[in-house]
Structure formats: structure tokens, C-alpha cells
Amino acid sequence: ELSQLSKHYIMRTLFTVQVIPISTVSAWVTSQSLKDHQTSLGELTAIRIWENHTLPGGMQGIKLNESFRANLKIVLCGGGESWYGPQLSKADKHHFTPEALHAKSRERWECVLHYLVGAGEDLALSNEIQLLLNNCGLVNKNGITAAGFQFLLLDRRSQVWYILLQYLDSAESLGMDLVEILSFLFQLSYSTFGQNYSTENLTHTQLTALQHMREIGLVVQRKRKDMKFYPTQLAINLASGARQDELDHSKSAGFIIVETNYRLYAYTESPLDIALVALFCEMMYRLPGLCVGLITRESVQQAYTNGITADKIVNFIRAHTHPEAKKKTPVIPSTIVDQLYLWELERGRLTCSDGVLYDQILSSSDFEALRQYAKDLGVLLWSNPAKRLLVVNREGHNSVKHFWKRKKQKD
């Protein structure tokens, strides 16, 4: 983003069509601000908003780029063609209300989240979107990954941006033009919520991207072959800096209460919320509006095997704690938090290393010499003086072997 001084310089030269001498521009700031002036001058010339010119007599000057000037005038003063040009569609007899658009957008996005947690096998996601989620590292053949669980802890806007960035990275592998996709996304971000737009002038790449955006809830289309589509608030607000509560219309109060007896109560009927809890909790029974589970060593260890850490489980519970539980301190019983970390430490008690075993060492003096040499090199993994056995890692095997051969030759 340009500095405030650079923006000020642009506005000051917007309606000046002639070349401005550098000396005149330098006179716009005091001597104390010359450093900021030089920085702004470098910014504007580097991205060619300001162009260098030579005045009669050899004096150097600058001028605002004509294309940039013309388009900025249109933005500030009006005029020019609409971004969509003739694509603005006529009235639609199947018009979607704002509430319906929010519901459709939320429904499609939750299909993606259901797929991640393994609760959406029967949901219609295209092969391209499924492949994208796999390539993102969010899910694999065994289910959700650690990155996928961390993804679910993000707010809705961050989740959508993450998927979009991965989608743009994979555009060329899908045989799509990256520039056309970016152009379409910018069109969506500058469209009007509740207004339908025609697909008539979209390119083949943009029509393909439209169907992908439809799958993740950025646009709503009654049927795949319908010639009209509606950008959702999620797409429009991506580039607007809108607050999260303006974007996430599905955001609800927390629903989890954890007791010291390791029981977890989830006050929800959402299949997605229940599937998330089941990733680290053994579900016991389900009632209308309530699910009860038990945090066990086996269920947590299974989560750790899938790459979900104790930190992520604790953060998830805290992020979705029931309002009544938030009135207590601590929000999660300390015994539960400590036990989660202890169960995680159990996985680090044993480590596996490749090594080479040395045996049949005839004398204790030879054994001690060999062990000391390996120890000095930092390659000794294990030794047993009573049985004259030692193990060195593979990296140090050649050095220890050559040392042993030289010693035997000398003896």
C-alpha cells in the first residue's frame, strides 16, 4: 500500500497535465521531511504512476501516467462504462432475497467443511474442488490433517482467502487463465449485493471459475446452466476489509462445556460441529440439541496420530466454549488441559533412529577405545559395556569402521 504522502502527491498532480519540475515537487515538503519525500518519489516512479520526463533546458520533471490519470478520474468523478458493462441482467422472476443468498452461501461453504471432517461423503463437490482440498494439505486418504484442523479454527474470511489463494496457485494446472480468474474475482468484489448478473460476456475460463465459486458459496446460481448469477456477501466483502461479524452470518455462540470428569457436552444440532468434536472425543449419546462425549486417552491419541496437537484441541474448545462456561475461571478445567498435554508427551517417550550394531569386540580395552571414539564424534546411540555392544548412527558408521580397522592393523 502506498504511503499517505504518496497518495497526497497523486491527488495533487491528478489534474495537472503538464510536466512538473522535480525542484517544484521538492518544494512541497520541509527539509525535515525530505527523507519521506524521497521514499514517496521512489515508490511512485518504481510502479510507474509517475513518469520521468526531461524539460527543455535539461531539467528533470515528472508527470502522472495518462492511463492511470484517466481511470482514477473516472473512479473519483464518475463516468465511463460499468465494470460489468452490458452484463447487468434484467429483473429475474426467480429473484433471491438477501436472506436466501446468505443461506445458500452458508450451505455451500459448510459442504466444504463437512468434506474436511469426513461428514460430507454424500455431498456434491466436484473433482476439482476435492483435488484442491487434498493439494492444500487439508485432508488426505486418512481424513483431516493437522493443517485441516487448524484451518477449521480460522474465521470464515480467512478460510475463504486461504482456499482462493490455493485455487489461484493451481489455476494453470487446471488449464485456466490466471489473469481471467483474477479479473472475475475483482468483478465479484465490486458487484452489488442482491443484484443478478448475466453470464453472457464471460469467457470459458470465467464460466468454469463461476461454477467453482458457486461450489464454495461465493456466488449463487439457481441452476448450473442458468444465464444469471448472484454474488454473495462473502465474495463482495473479501476485498472490502469488512469485519468478521459482517461476513459470517452463521456465527453462533459457543456450544461446548467440559467437566472435570472428562465429559464434554456439545449444545448443538449442527452435523459439522458434532463431527469436529468427534475428532478428539468419543461420542456417547445424542439428544435433541445436545451431544455428550467422553475425552479418553484412545480418542485423543487417535487425534494426535492424525497430526492434531494438544494446543489445537485446547484452542478449539476455548474458541467454542458455551457462554455459561465462560463465566468461570478457568474456562477449561486445568485437570483436562494438563491431561491432554500429558497424553501428548507419551508419544515422545520413544524415538527411532537408524544405526549400526558393533559386536564381537574381544577385549574391554578395545571396546572402551571404540566407544570413546564414537562418543567424541557424537555418533554413539547406545552401548552395553557388560556385553561389549555398541550402536552408532548411520552417518558416523564409516568413520567408526575406519577407526576400528586402523586399530586392528596396529595391534
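Residues numbered from 1 in each chain as written. Predicted model: local features only at pLDDT ≥ 70, side-chain atom pairs only at ≥ 80, totals over all residues. Heavy atoms only, no water.

### So, the overall build of the protein chain
Rule in force here: Under the scheme used here, helices are H or I runs from DSSP no shorter than 4 residues and strands are E runs no shorter than 2 residues, and both carry numbers assigned from the N terminus. The globule rule is 2.2 Å times the number of residues to the power 0.38, and the radius of gyration it is compared with is taken over C-alpha atoms. Between two residues, a contact is recorded if the distance between any of their heavy atoms is within 4.5 Å. Charge counting treats Lys and Arg as positive and Asp and Glu as negative, with His and both chain ends excluded. All charge positions are set by atom: Lys at NZ, Arg at CZ, Asp at CG, Glu at CD.
On a plain count of helices and strands, the protein chain comes out with 19 helices and 15 strands. The C-alpha atoms of the protein chain give 32 Å as radius of gyration, which overshoots the globular expectation for 411 residues (22 Å, by more than 25%). With the principal axes as the frame, the protein chain shows a C-alpha extent of 95 × 75 × 50 Å. A fraction of 62% describes how many contacts in the protein chain between residues 6 or more apart in sequence connect residues 24 or more apart. Computed over 44 positive and 41 negative side-chain charges, the separation of the two mean positions in the protein chain equals 3 Å.

### Looking at the pairing of strand β13 (residues 355-358)
Strand residues, when the strand is regular, have side chains that alternate between the two faces of the sheet. This is how it is decided: Exposed residues in this analysis have more than 50% of their type's maximum accessible area, buried residues have under 20%, and partly exposed residues fall in between, with area computed by a 1.4 Å probe over protein chains only. Paired strands, as defined in this entry, are two strands with at least two bridges between them according to DSSP.
Residues of β13 alternate between two faces, with Val356 and Tyr358 buried on one and Gly355 and Leu357 left unburied on the opposite face. Sheet topology places β13 next to strand β15 (residues 389-393); four bridges connect them, and they run antiparallel. Residue pairing across strands places Val356 opposite Val392, the latter belonging to β15.

### So, the environment of Cys136
With respect to the helices and strands, Cys136 occurs in the loop between α6 (127-135) and β4 (139-140). Under the relative-accessibility criterion, Cys136 is labelled buried at 10%. Separated by 85 residues in sequence, Cys136 and Glu51 have C-alpha atoms that sit 41 Å apart. Excluding anything up to four places from it in sequence, Cys136 contacts Tyr162 and Gln166.

### Quick look at the sheet that holds strand β9 (residues 256-258)
For clarity, the cut-off: Here an axis means a line fitted to C-alpha atoms, over the contact stretch when the element is a helix, while the angle between two N-to-C directions is reported on a 0 to 180 degree scale.
The strand order across the open sheet formed by four strands is β9-β10-β12-β11, and the pairing between neighbours is antiparallel. Looking along the sheet, the strands with just one partner apiece sit at the ends: β9 and β11 (282-287). For this sheet the average axis-to-axis angle between neighbouring strands, irrespective of direction, equals 20°. As defined by bridge partners, strand β10 (residues 263-266) adjoins strand β12 (residues 290-294) across four bridges and the pair is classed as antiparallel. The residue of β12 that forms the bridge with Ala266 is Cys291.

### Things to note about the side chain of Thr232
Going by this rule: N or O atoms closer than or at 3.5 Å make up a polar contact, with two conditions inside protein: a donor-capable atom paired with an acceptor-capable one, and, for residues adjacent in sequence, both atoms drawn from side chains.
Mapped onto the elements, Thr232 comes out in the loop between β8 (228-231) and α11 (233-236). For Thr232, a relative accessible area of 1% gives the class buried. In this structure the side chain of Thr232 is engaged in a polar contact, spanning 2.9 Å, whose partner is the backbone oxygen of Gly217. Ignoring anything within four residues of it in the chain, the contact list for Thr232 reads Leu101, Ser105, Phe193, Gly217, Leu218, Val219 and Val220.

### Description of helix α17 (residues 334-346)
Here is the rule we go by: A helix is expected to span 1.5 Å multiplied by its residue count minus one.
In this model, α17 (13 residues) spans 19 Å end to end at C-alpha, consistent with the 18 Å of a helix rising 1.5 Å per residue. Here the buried face of α17 lies against β9, α14 (297-305) and α15 (310-319).

### Focus: the packing of helix α9 (residues 178-189) against helix α10 (residues 204-215)
Note the following rule: Angle categories are assigned with fixed cut-offs, so that under 35 degrees is roughly parallel, over 145 is roughly antiparallel, 65 to 115 is roughly perpendicular, and the rest are oblique. Put simply, a crossing is left-handed when the front helix is turned counterclockwise from the back one by less than a right angle, and right-handed when it is turned clockwise. Asp, Glu, Lys and Arg are counted as charged, while Ala, Val, Leu, Ile, Met, Phe, Trp, Tyr, Cys and Pro are counted as nonpolar; the rest, among them Gly, fall into the polar class.
At a closest axis distance of 9 Å, the pairing of α9 and α10 adopts a crossing angle of 55°. It follows from the interaxial angle that α9 and α10 lie oblique. The element α9 and its partner α10 pack so that their crossing is right-handed. In contact with Glu180, Ile181, Ser183, Phe184, Leu185, Gln187 and Leu188 of α9, α10 contributes Thr205, Gln206, Ala209, Leu210 and Met213. Grouping the amino acids of the contact of α9 with α10 by side-chain chemistry returns seven nonpolar, four polar and one charged.

### Brief notes about a nonpolar patch on the surface
This is how it is decided: Patch definition: residues above 30% relative accessible area lacking any salt bridge, with like charges linked at up to 9 Å and the nonpolar side chains Val, Leu, Ile, Met, Phe, Trp and Tyr linked at up to 5 Å. Each accessible area is a Shrake-Rupley estimate made with a 1.4 Å probe; only the visible protein chains count as cover when residues are assessed. Salt bridge, as used here: a side-chain nitrogen of Lys or Arg that lies within 4 Å of a carboxyl oxygen of Asp or Glu.
Taken together, Met11, Val75 and Leu76 make up a surface patch of nonpolar side chains, about 310 Å² in accessible area. Considering the arrangement of structural elements, one finds Leu76 in helix α4 (residues 66-77).

### As for the nonpolar core
Note the following rule: By nonpolar core we mean a set of buried residues, namely Ala, Val, Leu, Ile, Met, Phe, Trp, Tyr and Cys, connected to one another through side-chain atoms within 4.5 Å.
Formed by 69 residues in total, the largest nonpolar core has its most connected members in Leu116, Leu133, Met213, Leu218, Leu264, Ile295 and Leu340. Ignoring sequence-local partners within four residues, the contact set of Leu264 consists of Ile256, Ile257, Val258, Val277, Phe280, Cys281, Cys291, Val292, Gly293 and Ile295. Ile10, Leu14, Ile20 and Leu64 belong to the second largest nonpolar core, which has 13 residues in total.

### Examining the sheet that holds strand β7 (residues 219-220)
A sheet is described by the order of its strands in space; here three strands give the open sequence β6-β8-β7, paired in antiparallel fashion. A strand with exactly one partner marks an edge of an open sheet, and here the two such strands are β6 (197-198) and β7. Of the strand pairs in this sheet, β6 and β8 are connected by two bridges, and their pairing is antiparallel. Looking across to β8, one finds that Tyr197 is bridged to Phe229.

### Some thoughts on the pattern of salt bridges
In this structure the tally under the stated criterion is seven salt bridges. One salt bridge in this structure joins Lys327 and Glu324, with 3.1 Å as the shortest N-O distance. On the basis of relative accessibility, which here comes to 43%, the residue Glu324 falls in the partly exposed class. For Lys407, the salt bridge identified is with Asp366, shortest N-O distance 3.6 Å.

### Some points on unusual backbone geometry
Note that the residue after Thr329, namely Pro330, is joined by a cis bond; omega there is -5°. Here Pro330 is to be found in the loop between α16 (323-326) and α17. Even without being a glycine, Tyr262 presents a positive backbone phi close to 75°. Structurally, Tyr262 is set in the loop between β9 and β10.

### With respect to the environment of Tyr267
Counting through the fold element by element, Tyr267 comes out in the loop between β10 and α13 (271-277). Placed 24 residues apart in sequence, Tyr267 and Cys291 show a C-alpha to C-alpha distance of 6.5 Å. Setting aside chain neighbours within four positions, we find Tyr267 in contact with Phe255, Ile257, Gly289, Leu290 and His322.

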